[in-house]
Amino acid sequence: MNHEGYMREAIRISEDGLKSGRGGPFGCVVVKAGKVVGRGGNQVTSTCDPTAHAEVVAIRDACKALGTFKLDGCTLYASCEPCPMCLSAIYWARIPEVYYGNTRQDAAAIGFDDDFIYGQIPLDPDKRTVAMKPLLAGEAKVAFTGWTSKTDKVAY
């Protein structure tokens, strides 16, 4: 299968999700070495999980299939440009290449306005719409201090 074929699979998943009512019209596949290793459709409303976006579901599926939390060497195909959360998940998974169909402007035109979140990210925490309040920083540092001296940690 080629790039277009993988994208068509992501689009097919988005259409299946739309028809089934499991969530929004978004689909995704993760590919490694010419094989689909992860699939995901948006499941936000059916699972009552606001993080169950197509990309996150597909990344979880691929990680489980491959037995790793690093998806370097994989390519992600999404029916829409990833939102800020999904983009972050892509970076955390170390996926080096993403293809997408619809743009975030296309998503905004049908009621999915990720631009609001994109606009919040660069703001200082005290300027964001969600109240961000530091609390017990000294106590929270204990675990961080422990992490720095842990000899058997798995870096990620």
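Residues numbered from 1 in each chain as written. Predicted model: local features only at pLDDT ≥ 70, side-chain atom pairs only at ≥ 80, totals over all residues. Heavy atoms only, no water.

Re the packing of helix 3 (residues 54-66) against helix 4 (residues 84-92)
Note the threshold: Note on definitions: angles span 0 to 180 degrees between N-to-C directions of axes, and those axes are lines fitted to C-alpha atoms, for helices only across the stretch in contact. Under the scheme used here, helices are H or I runs from DSSP no shorter than 4 residues and strands are E runs no shorter than 2 residues, and both carry numbers assigned from the N terminus. Each angle is binned into one of four classes, with values under 35 degrees roughly parallel, values over 145 roughly antiparallel, values of 65 to 115 roughly perpendicular, and all other values oblique. By convention the crossing between two helices is left-handed if the near helix lies anticlockwise of the far one by an angle smaller than a right angle, and right-handed if it lies clockwise. Whether two residues are in contact is decided by their heavy atoms, any of which lying within 4.5 Å being enough. For this scheme, ten residues count as nonpolar: Ala, Val, Leu, Ile, Met, Phe, Trp, Tyr, Cys and Pro. Four count as charged, namely Asp, Glu, Lys and Arg, and the remainder, Gly too, count as polar.
Running from amino to carboxyl end, helix 3 crosses helix 4 at an angle of 25 degrees, the nearest separation of the two axes being 8 Å. Looking at the two axes, helix 3 sits roughly parallel to helix 4. For the crossing formed where helix 3 meets helix 4, the hand is left-handed. Across from Glu55, Val56 and Ile59 in helix 3, the residues of helix 4 making contact are Met85, Cys86, Ala89 and Ile90. Broken down by class, the residue content of the contact of helix 3 with helix 4 amounts to 6 nonpolar, no polar and 1 charged.

Here we look at the environment of Gln120
Mapped onto the elements, Gln120 comes out in helix 6 (residues 115-120). Separated by 10 residues in the primary sequence, Gln120 and Val130 place their C-alpha atoms 9.1 Å from one another. Aside from chain neighbours lying at most four places away, what touches Gln120 is Arg128, Thr129 and Val130.

Some remarks on the environment of Val44
By the secondary structure assignment, Val44 is in helix 2 (residues 44-47). Counting along the chain gives 10 residues from Val44 to Ala54, while the straight-line C-alpha distance between them is 8.9 Å. If near-sequence neighbours (up to four positions away) are discounted, Val44 is found in contact with Arg22, Asp49, Pro50, Ala52 and His53.

What about the pattern of salt bridges?
Using the following cut-off: One side-chain nitrogen of Lys or Arg within 4 Å of one carboxyl oxygen of Asp or Glu is enough to make a salt bridge. A simple rule labels every residue: compare its accessible area, found with a 1.4 Å probe on the protein chains alone, to the largest value its type can have, and call it buried under 20%, exposed over 50%, or partly exposed in between.
Within this structure, the stated rule accounts for 6 salt bridges. One salt bridge in this structure joins Arg12 and Glu9, with 2.7 Å as the shortest N-O distance. Of this pair, Arg12 and Glu9 are both found in helix 1 (residues 3-20), 3 residues apart, which corresponds to roughly one turn of the helix. Where Asp152 meets Lys150, a salt bridge forms, and the shortest distance between an N and an O atom there is 2.9 Å. Overall, Lys150 belongs to the partly exposed group, its relative accessible area being 38%. Several salt bridges share partner residues, and in doing so they unite Glu9, Arg12, Asp16 and Arg39 into one network.

Some remarks on the side chain of Ser79
Its location among the elements puts Ser79 in strand 3 (residues 74-80). Contact partners of Ser79, with chain neighbours within four places excluded, come to Met7, Ala10, Ile11, Ser14, Pro25, Phe26, Gly27, Gly101 and Asn102.

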